Amino acid sequence: MPHLHRPETLAEACALLAELDTPMVYGGGTAIQILIKQGILFADDFVDLALVPGLREIERAGSGLRAGPMVSVRRMETDRQVRELAPLAASAYRNVANPRVRNTASVGGNIAHGDYRLDPPTALLVLNATVDVASVRGTRSIPVREFFVDFQLTALELDELITAIRIPAVPPRAAGRFVKNSSLSANDWPCASAAVLVVDSGAKREVRIGLGAVAPVPRYVSFDATGLNDQEVVDAAIEAIAPAVEPIPDVRGGVEYKERLARVTVEDAVRGAWKDLDA
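Residues numbered from 1 in each chain as written. Predicted model: local features only at pLDDT ≥ 70, side-chain atom pairs only at ≥ 80, totals over all residues. Heavy atoms only, no water.

Colleague: Before we move on, can you summarise the nonpolar core with the specific residues and values?
Modeller: For soluble globular proteins, nonpolar side chains are generally found buried alongside one another. Among the nonpolar cores identified, the biggest contains 39 residues, and Met 76, Ile 111, Leu 127 and Ile 167 are the most heavily contacted of them. At 5 residues, helix H5 (residues 87–94) tops the list of elements feeding residues into this core. Setting aside residues no more than four positions away along its own chain, Ile 111 makes contact with Leu 118, Leu 124, Val 131, Val 144, Phe 147, Phe 148, Thr 154, Ile 162 and Ile 165. Counting residues in each nonpolar core, the second largest holds 29 residues, with Val 207, Val 221, Ala 225 and Ala 273 among its members. (Core = buried A, V, L, I, M, F, W, Y, C linked by side-chain atoms within 4.5 Å. Buried < 20%, exposed > 50% of the residue type's maximum accessible area, 1.4 Å probe, protein only. Helix = DSSP H or I, 4+ residues; strand = E, 2+ residues; numbered from the N terminus. Contact = heavy atoms within 4.5 Å.)

This is the structure in structure tokens:
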């Protein structure tokens, strides 16, 4: 029977992860409970972070945001600071599963789960977010663009836990859109999702695209769209994502279907963000 550990400090939590043979960090627990029921997750010890102080805050960090790992997905959706400073992130978090899951799931657990179909990483990729982690060996910061290593595999070491997600300030002139398309139900995993951020520096207009559910890991693509019109930027976006799209066939659709849906999803997101920026 697995043992539940409830550390009261971050140092104690890190020590447990270093000492135990097969520990698993427990945040909101939504993904863990599903995987245990499916018989595909095995751990002798769970390290519950519920009593560790300082992990449930959303605060300003310079001109950007810092969210603790125990902040709920629902709070990222509704928090005033997130909606004002990183509205694209709020939009992506708003599309996670259903309200029951969003009220339980934590932002740290969501990204640590490492599933290629997750909604928030698409926005975190284009927002140039970073993940702060800690262990008994010290701390480090991992760019989200380097966080997802392979299918269901992240850059987290076995003795590390997430201590924060940092979202930098969005450039003054920028607009974003998140679009998600599912084939079974609105609350199901997406067949394709995309977050798009168009950034205009005056001298250059850049399009950033975060892709979900269309490859073994969330993918990031960007390109220079300076001087393009609305149709040209859509065409350029579809061409840019082509090498990054490697769908995994499943009950939600085959490879060809998901490739086509990826193009539709990106087109909708790019058109929306481009229109918002020029509005």
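We are not done yet, so read on.
Colleague: If you had to explain the packing of aromatic side chains to someone new, which residues and values would you point to?
Modeller: Inspection of the entire model under this criterion finds 3 aromatic pairs. Summarising the aromatic geometry, the rings of Tyr 116 and Phe 151 are spaced 5.8 Å apart at their centres and angled 40 degrees between planes, so their arrangement reads as tilted. Placement of Tyr 116 in the loop between helix H7 (107–113) and helix H8 (120–126) and of Phe 151 in the loop between strand S8 (148–150) and strand S9 (153–154) is noted, with a sequence separation of 35 residues between them. Taking the relative accessible area as the measure of exposure, Tyr 116 reaches 5% and is therefore buried. The partly exposed category is assigned to Phe 151, whose relative accessible area is 43%. Between the aromatic rings of Phe 147 and Phe 148, the centroid separation amounts to 5.3 Å while the plane-to-plane angle is 85 degrees, which identifies the pairing as edge-to-face. Among the residues examined, Phe 147 registers a relative accessible area of 0% and is labelled buried. Lying across the ring of Tyr 220, Arg 145 places its NZ or CZ 3.9 Å from the centre. (Phe/Tyr/Trp six-rings, centres within 6.5 Å; stacked < 30°, edge-to-face > 60°. Lys NZ or Arg CZ within 6 Å of the ring centre and 35° of its normal.)

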